[in-house]
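Here is what each chain is made of, one letter per residue.
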Amino acid sequence: MMTRSNLAEQLRDYQIRSKHDWASVSFFSYTSNLTSTSTRADVVIFVICELVILVLLIFSIVSLYFSHLKLAFILVSVSLLLLVCVTVAKQVTEARKKKRRMLLPLSM
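Residues numbered from 1 in each chain as written. Predicted model: local features only at pLDDT ≥ 70, side-chain atom pairs only at ≥ 80, totals over all residues. Heavy atoms only, no water.

**Comments concerning the overall build of the chain**
This is how the line gets drawn: Under the DSSP-based scheme used, a helix requires at least four consecutive residues in state H or I and a strand at least two consecutive residues in state E, with every element numbered from the N terminus. Contacts between residues were defined by any pair of non-hydrogen atoms, one from each residue, lying within 4.5 Å.
When its secondary structure is counted, the chain shows four helices and zero strands. Going residue by residue from the N terminus, the α and β elements of the chain occur as α-α-α-α. If you take every contact in the chain between residues at least 6 apart in sequence, the share linking residues at least 24 apart comes to 56%.

Below, the structure is given as structure tokens:
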């Protein structure tokens, strides 16, 4: 039988398990809520993608310096596409986790 104290204890355990106190380095993120609901794997993937974007932008600047306009345009386009994909992926994972959190029974 599910009692009020058992349900409260399960909720407390769930909140403790889902809380993360480690920080992430995110260059293009204007919000710091990535670490509040994401796993370490998500943060590592997002940071690696942001580093790849940064490297692509640096290579495009170098190619502009050596006057390769087509290559610079291609690199900037790829980096912008990757940036859009990363932000969409962040929003999708946040929405999925919020939906999963709302399915937790809170009726006491």
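The structure having been displayed, the exposition proceeds.
**Let's talk about the UniProt feature "transmembrane region" (unreviewed entry) in the chain**
The test is simple: UniProt positions are given in the numbering used here, feature names are shortened, and annotations may be inferred rather than shown by experiment.
The residues that UniProt annotates with the feature "transmembrane region" (unreviewed entry) are residues 43-66 and 72-92. Spanning residues 43-66, this segment combines 96% helix with 0% strand, and its end C-alpha atoms are found 35 Å apart.

**A look at the pattern of salt bridges**
Operational definition: Salt bridge, as used here: a side-chain nitrogen of Lys or Arg that lies within 4 Å of a carboxyl oxygen of Asp or Glu. Using a 1.4 Å probe on the protein chains alone, a residue whose accessible area is under 20% of its type maximum counts as buried, one over 50% counts as exposed, and one in between counts as partly exposed.
Taken as a whole and assessed by the stated rule, the structure comprises two salt bridges. In this structure, Asp42 engages Lys97 in a salt bridge whose closest nitrogen and oxygen atoms are separated by 2.9 Å. One end of the pair, Asp42, is in helix α3 (residues 40-65); the other, Lys97, is in helix α4 (residues 69-102), and 55 residues separate them in sequence. For Lys97, a relative accessible area of 15% puts it in the buried group.

**Regarding α4**
Going by this rule: Expected helix span is computed as 1.5 Å times (number of residues minus one).
Its 34 residues place the ends of α4 49 Å apart at the C-alpha level, agreeing with the 50 Å of an ideal helix rising 1.5 Å per residue. Of all the positions in α4, only Ala72, Leu75, Ser79, Val86, Lys90, Thr93, Glu94 and Lys97 are classed as buried.

**Observations regarding the packing of aromatic side chains**
What counts is decided by this rule: Centres within 6.5 Å make a pair out of two Phe, Tyr or Trp rings, where for Trp the six-membered ring is used; the pair is then stacked when the planes are under 30 degrees apart, edge-to-face when over 60, and tilted otherwise. When the NZ atom of lysine or the CZ atom of arginine is within 6 Å of a ring's centre and also within 35 degrees of its normal, the charge is said to sit over that ring.
Summed over the entire model, instances satisfying the criterion amount to one aromatic pair. Between Tyr65 and Phe66, the ring centres sit 5.1 Å apart and the planes meet at 75°, which makes this aromatic pair edge-to-face. The same class applies to Tyr65 and to Phe66, which are both exposed. Positioned above the aromatic ring of Phe46, the side-chain terminus of Lys90 is 5.8 Å from the ring centre.

**Observations concerning the packing of α3 against α4**
When two helices pack together, their arrangement is captured by the angle between the axes and the distance separating the axes. Quick reminder of the rule: Throughout, an axis means a line fitted to C-alpha atoms (over the contacting stretch in the case of helices), and angles, computed between N-to-C directions, take values from 0 to 180 degrees. Geometric relationships in this document are graded by angle, where less than 35 degrees denotes roughly parallel, more than 145 denotes roughly antiparallel, 65 to 115 denotes roughly perpendicular, and other angles denote oblique. Working rule for handedness: look at the near helix, and if it is turned counterclockwise from the far one by less than a right angle, call the crossing left-handed; if clockwise, right-handed. Side-chain classes are defined by residue name, with Ala, Val, Leu, Ile, Met, Phe, Trp, Tyr, Cys and Pro counting as nonpolar, Asp, Glu, Lys and Arg as charged, and the others, Gly among them, as polar.
Where α3 contacts α4, the two axes come as close as 8 Å, and the packing angle between them is 165°. Taken together, α3 and α4 sit at an angle that is classed as roughly antiparallel. In this structure, α3 meets α4 at a crossing whose hand is left-handed. Here the residues of the contact of α3 with α4 are counted per class, giving 18 nonpolar, four polar and four charged.

**Re the environment of Val86**
Note on placement: Val86 falls in helix α4. If near-sequence neighbours (up to four positions away) are discounted, Val86 is found in contact with Phe46 and Cys49.

**Remarks on unusual backbone geometry**
At Ser67, a position not held by glycine, the phi torsion is positive, near 55°. Looking at the element boundaries, Ser67 is found in the loop between α3 and α4.

**Considering the confidence of the model for the chain**
What counts is decided by this rule: Within a predicted model, pLDDT stands for the predictor's per-residue confidence, ranging from 0 to 100.
Taken as a whole, the chain shows an average pLDDT of 78; of its residues, 73% reach a score of 70 or greater. Here residues 21-25 is a poorly scored stretch, pLDDT under 50, and it has eleven contacts once near neighbours within four places are set aside; other chains count.

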